[in-house]
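Remarks on the overall topology
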Amino acid sequence: MTTITDSMPQTTTQPEKDTFKGKIHPDWCPGCGDFSVLNALQKALFELELQAHEVICISGIGCSSNLPGYMNTYGMHTLHGRSLAVATGMQMANHKLKVIATGGDGDGYGIGGNHFLHTMRRNVDITYIVMDNQIYGLTTGQTSPTSVLGMKTKSTPHGNVENPINPMPLAMVGGATYVARGFSGKQKHLIDLMKGAIMHRGFSLIDVFSPCVTYNLDNTYKWFTPRIKILDDEEGYDPTDFHAAIDKAYQWGDEIPIGLIWKRETLPALDETELVLQDGGPLAYRKLGVTKEQSDALISELL
Amino acid sequence: MAKIDFAIGIGGAAGQGIATPGNILARIFARRGLHLNAYNAYQSLIRGGHTYLTIRVSDREVTNMGDKVDVFIPLNQDTMDRHLRHLKSGACVIFDEAQLTPGEHADGVQVCPVPTKELIKGNKLAANTVAVAITLNLLGVEFEALEDALNRIFSRKGEAVVAQNIEIARGGYDYAEANFKPFPYKVERHGKGLAVVTGNETTAMGGIAAGVNFYAAYPMSPSTGVLMYMAKHARALGILVRQVEDELGVMNMIIGAGHAGCRAMTATSGGGFALMTEAIGMSGMIETPIVCVDVQRAGPATGVPTKTEQGDLWQALGAGQGDYPKIIVAPANQLELFNIIPELFNLVDKYQCPGIVLADLLISEGTTSIDPDALNFQPVIDRGETIFPNGSTDNPYGGYGDNTYLRYKNTESGISPRAVPGVPGHLHIAATDEHDEDGTLVSDEFTNPDVRRMMVEKRARKMETVLAELDAPKLVGPESAAVTLVGFGSTEGVILEAIEKLAGEEGIVANQLHLRWMVPFHADEVTKILSASNKVIILENNFSGQFARYLRSETGFEADGFIRKYDGEPFMPHHIVEAVKAQLAGETTLSVPIHEYHV
């Protein structure tokens, strides 16, 4: 038989620098932007002094969705496009866990687009890290929802004619309460964005430019590096000012801002609005079943 | 045989208020200890169309709507025209004489025109109450029973409303006394009061009894009643209920919650189930238990949203690509829905796989009476080999800090102890890619055929012991019979009644084999029983004989004949009686009964 408690267990072991490093070496292409994202996440969790068992990384399918397998935390490697739906179930069932969803642009903005919209709307306390390489990598180089106009890929050999999604303004109007953009080439900056997102109560999106060195020869490190401008360096920028933020969110071209673009702290996270979750610890650890008094009340309604 | 057995049909356009008189009548009869079955035939619209509620009442259990009605209450001319000619001798039709004109009817039908306008004294909402009062008078139910029911219904609206409704009802009751001929029997108190429930309610209650604490769904007829019941009681019972953006999200969300350690459930219909199937495969692959109820309706695609069918069997069998263990059960009635869900949760927790319940509109939206004492809300809850945090190191399946925990350990039973997230020392990844015992993916860099084979066999091995835990099907009725009628799920009751009619009215001896557990399947038991039968006829609510084909695939057994109905309406006893007679006479081997009236 199993024993169920209503609280998260604690251990006395202190996390070490490599606590969050998984035992499997990533199978990404050498030079892939995702290495930097993985390292940044491991460092962010360590710097936040979290315990490995308190964290769960949940991904969809794609190159970047392999990330949970390289972490030493709880993990789920779910279906293509479904990470946020699974993560929502996980977060509601155990709101004491730190739930981190990871994946790529196709997984999140394409096949998972509907869940993306509704998870933001609900403001579920999830940190969603999208490794955005503007291409389908694992299927060997087809267009993605963030591929720019004119981009030649294996499925758009004559150039992409569809407008790309800009995840920043989409997330802002969709209801996300922490909207940030990072770049694999700026790992220290990315770690800070991740720490802020993980500690933020509500839905956080970090769209990370994570170049695909094999299939996207347009949006490379070399292309991004001169264009990236770190927002924190900009004097007087206020990420809680919606109109200033939406202007930044749309900025693209010769200068592309990265950093915390939008933050809203006036909305409660979904679990904070659910009365059922207010007392008694994680739902998943609670004793199951109903009392005789409760069931008698249900039966009396039928008579 | 039953001493009391009558049916009341109330019909009109949607929005004309059929539910309330139906509810009043059902509660009055159930409170007197009489059994009932109510079936509402309706269409996918909110106002207009034709809705026809049949309430059949008896002093013994009623499993179906029967063949004909005894009391007919048309609320519009369309209903009058559709049903009047199907009334039998001895029946009565009660209608507003100022609004409706009766047409052609059988001899011996009592026509009861009612001066409704005078009786309702300007309260148009009370018109249906008059019809109810007349019905009760003709059935010999004392007025106090109706007075009590009206008190309960209208008490919230104040004494004046109650008093006015009772006065109007009294007028109708007395009018019937003075002008119409009562039935030759009186519907007297029969025993202790019974509860009135729909199958969607018993499904939700079964989940509650099982300890479901996470329920997610997308509204879809005819399964939405489960969501509404759960939502209504969620806060009081500590259940988290979510309405999700689509059924893809629903199934993935309950898997997330199930993986966390909740008992997680959903209900949908065939179209929603179709969207869930990839994720049901994930439940099988990552070995996370969940329960999904598919309340079948007439398909394919949008099909006939408000009509019944047993057309999703193969969809359930084939849900999700690849091979993986799953358990599929088709309960026969509302009480079985209640009882099967806790049983199924114990099974899926033990075997760490998805559980699918094949219900259908007929039993899920259908109303029945249930002895409240039969609803056991405190069944055994067995989570199997699930590891929850217990704040100490004496965990029976591996302690904290030891790194030997293998989530997908290749055990003899195939069952691997399952740690839920949050337990120290049991970190692992649950992957939909094929994985090794510790959860590591084996599909990416260096695919390992040996590990792949081991894991397929490990998962499959779990199913070897499930069958022994399930009740085997049994032959019901005389061992030696001219014909054995075989069905699955919701048709059990109507088949049994047809068998009684065959014996009583036609002198034909038939027996019954009814199946509930679809996967795993009791192939040996079924083969043994059917091989000894003189003639086997399989009956089901679909076009292609999905169950007959499944039975053949699992047993190699070929039936002698088939009765199928796929017009959206359920079987009535006489459909089966006539089909069996025709097949025994050698007229056909495939009968497709005609539904006589359009609803």
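Residues numbered from 1 in each chain as written. Chains lettered and ligands numbered in written order. Predicted model: local features only at pLDDT ≥ 70, side-chain atom pairs only at ≥ 80, totals over all residues.

**Some points on the overall build of chain B**
When you go through chain B residue by residue, the secondary structure sums to 18 helices and 24 strands. Relative to its length of 599 residues, chain B is compact, with a C-alpha radius of gyration of 27 Å against a globular reference of 25 Å. If you line up chain B on its principal axes, its C-alpha atoms span 85 × 65 × 40 Å. Per-residue burial for chain B yields a buried fraction of 55% across its 599 residues. When contacts within chain B are restricted to residue pairs at least 6 apart in sequence, those whose partners lie at least 24 apart make up 72%. (Helix = DSSP H or I, 4+ residues; strand = E, 2+ residues; numbered from the N terminus. Rg over C-alpha atoms; globule rule 2.2 N^0.38 Å. Buried ≥ 20, exposed ≤ 12 C-beta atoms within 10 Å, placed from the backbone. Contact = placed C-beta atoms within 7 Å.)

**Thoughts on the overall build of chain A**
Helices and strands together make up the secondary structure of chain A, namely 10 helices and 8 strands. Its C-alpha atoms give chain A a radius of gyration of 21 Å, near enough to 19 Å, the size a compact globule of 303 residues would have. Each principal axis of the C-alpha distribution contributes one length, and for chain A these read about 70 × 45 × 40 Å. Looking at chain A as a whole, 50% of its 303 residues qualify as buried. At a minimum sequence separation of 6, the contacts of chain A that also span at least 24 residues come to 71%.

**Some points on the nonpolar core**
Among the nonpolar cores identified, the biggest contains 257 residues, and F214(B) and I254(B) are the most heavily contacted of them. If one sorts the elements of this core by residue count, helix α12 (residues 334–351) of chain B sits on top with 10 residues. Excluding residues within four positions of it along the chain, F214(B) makes contact with A93(A), L283(A), L240(B), I254(B), A257(B), C262(B) and A264(B). (Core = buried A, V, L, I, M, F, W, Y, C linked by C-beta atoms within 7 Å.)

**Points about the environment of D241(A)**
In this structure, D241(A) sits in the loop between β7 (228–230) and α8 (242–250). Between the C-alpha atom of D241(A) and that of Y178(A), which follows or precedes it by 63 residues, the distance is 13 Å.

**Regarding the pairing of strand β3 (residues 98–104) of chain A**
All names here are of chain A. Summarising burial for β3: 7 of the 7 residues are buried, a large majority. By the alternation rule, side chains of β3 split into K98, I100, T102 and G104 and V99, A101 and G103, which are all buried. As paired strands, strand β1 (residues 55–59) and β3 are joined by 5 bridges and run parallel to one another. In the strand pairing of β3, V55 is matched with K98. In the sheet, β3 pairs with strand β4 (residues 127–132) via 5 bridges, with the strands oriented parallel. Bridge pairing links I100 to T127 in β4. (Pairing = 2+ DSSP bridges.)

**Focus: the environment of M131(A)**
Residue and element names in this part refer to chain A. Position of M131 among the secondary structure elements: in strand β4. For the pair M131 and S65, spaced 66 residues apart in sequence, the C-alpha to C-alpha distance is 8.8 Å. Setting aside anything within four residues of it in sequence, one finds M131 in contact with G33, D34, V37, S64, G104, V208 and S210.

**Description of the sheet that holds strand β10 (residues 264–268) of chain B**
Residue and element names in this part refer to chain B. Strand order in this open sheet of 7 strands is β9-β8-β10-β11-β13-β12-β21, and the pairing throughout is mixed. Looking at the sheet topology across the chains shown, the edges are occupied by β9 (240–243) and β21 (517–519). Between one strand axis and the next, the sheet turns by 20 degrees as a mean value, whatever way the strands run. Taken together, the 2 bridges between strand β8 (residues 214–217) and β10 define a ladder with parallel strand orientation. Counterpart to Y215 in the pairing with β10 is M265. Helix α10 (residues 270–285) contacts β10, β11 (290–296) and β13 (354–360) of the sheet and is inclined by roughly 160 degrees relative to β11. With respect to the sheet, α12 is in contact with β11, β12 (327–329) and β13, its orientation differing from that of β13 by roughly 165 degrees. (Axes fitted to C-alpha atoms, helices over the stretch in contact; angles between N-to-C directions.)

**As for the packing of helix α9 (residues 247–260) of chain B against α10(B)**
All names here are of chain B. Closest axis-to-axis distance for the α9/α10 pair is 7 Å, and the angle between their directions is 30 degrees. Our classification of the angle between α9 and α10 gives roughly parallel. The way α9 lies across α10 gives a crossing that is right-handed. Residue-level contacts link E247, L248, V250, M251, N252 and I255 of α9 to G272, L275, M276, A279, I280, M282 and S283 of α10. (Parallel < 35°, antiparallel > 145°, perpendicular 65-115°, else oblique. Left-handed = near helix turned anticlockwise from the far one by under 90°.)

**What about helix α8 (residues 224–237) of chain B?**
In a regular helix each residue adds 1.5 Å, so 14 residues correspond to 20 Å; α8(B) covers 19 Å between its end C-alpha atoms and thus fits that length. Of all the bends in α8(B), the largest measures some 30 degrees and sits at A231(B). Among the structural elements, α10 (292–300) of chain A together with α7 (199–210), β8, β9, β10 and β11 of chain B are those in contact with the buried residues of α8(B). G238(B) sits one or two positions beyond α8(B) and adopts a positive phi of about 70 degrees. (Expected span 1.5 Å × (residues − 1). Bend = angle between axes of the 7 residues up to and from the residue.)

**Quick notes on the interface of chain A and chain B**
Listed as interface residues are 54 residues of chain A and, on the opposing side, 63 residues of chain B. Those elements giving two or more residues to the side of chain A that touches chain B turn out to be β2 (74–77), α2 (83–93), α4 (113–122) and α10 of chain A. The residue inventory of the side of chain A that touches chain B, partitioned by class, reads 28 nonpolar, 21 polar and 5 charged. (Nonpolar A, V, L, I, M, F, W, Y, C, P; charged D, E, K, R; others polar.)

**Overview of the sheet that holds strand β5 (residues 92–96) of chain B**
Residues and elements named next belong to chain B. Across the sheet, which stays open at both edges, the 8 strands sit in the order β6-β5-β4-β1-β3-β2-β14-β7 with mixed pairing between neighbours. The open sheet terminates on both sides in strands that have one partner only, identified here as β6 (110–114) and β7 (195–198). Looking at each pair of strands side by side, their axes are set apart by 20 degrees on average, direction ignored. Bridge count for strand β1 (residues 5–14) against strand β3 (residues 48–58) is 9 bridges, and the pairing is antiparallel. Bridging from a neighbouring strand, G9 pairs with T54 of β3. Across the sheet, helix α4 (residues 127–138) lies against β1, β4 (71–74), β5 and β6, angled at about 155 degrees from β5, the strand it touches most.

**Thoughts on the domain arrangement of chain B**
Residues and elements named next belong to chain B. The domains assigned to chain B are domain 1 (5–179), domain 2 (196–374) and domain 3 (475–591). A C-alpha centroid distance of 27 Å is found between domain 2 and domain 3. Contacts between the two partners involve 22 residues from domain 2 and, on the opposite side, 20 residues from domain 3. When residues of the side of domain 2 that touches domain 3 are traced back to their parent elements, those giving at least two are α11 (313–317), β12, β13 and α13 (361–364). (Domains from an automatic or database assignment.)

**Things to note about unusual backbone geometry**
All names here are of chain B. Here the residue pair S221 and P222 is connected by a cis peptide bond, since its omega of 0 degrees sits within 30 degrees of zero. Within the secondary structure layout, P222 lies in the loop between β8 and α8. G299 connects to P300 through a cis peptide bond whose omega is 0 degrees. Relative to the elements of secondary structure, P300 occurs in the loop between β11 and α11.

**Topic: the pairing of β9(B)**
All names here are of chain B. Bridge count for β8 against β9 is 4 bridges, and the pairing is parallel. Residue pairing for β9: A216 is matched across the bridge by R242. At this point the chain moves from β8, through α8, to the parallel β9, and the crossover so formed is right-handed. (Right-handed = clockwise from strand over helix to strand, strands pointing away.)

**Quick word on the environment of N151(B)**
Residues and elements named next belong to chain B. Checked against the element boundaries, N151 lands in helix α5 (residues 143–154). A residue is classified by how many C-beta atoms lie within 10 Å of it, and N151, with 14 of them, is partly exposed. Separated by 10 residues in sequence, N151 and V161 place their C-alpha atoms 9.4 Å apart.

**As for the packing of helix α15 (residues 492–506) of chain B against helix α18 (residues 573–584) of chain B**
Residues and elements named next belong to chain B. Two numbers describe how α15 lies on α18: the axes approach to 8 Å, and their chain directions differ by 60 degrees. With respect to each other, α15 and α18 are oriented oblique. The handedness of the crossing between α15 and α18 comes out as right-handed. Of the residues in α18, those in contact with V494, I495, E497, A498, K501, L502 and E506 of α15 are P573, I576, V577, V580 and K581. Taken together, the residues that form the contact of α15 with α18 break down as 8 nonpolar, no polar and 4 charged.

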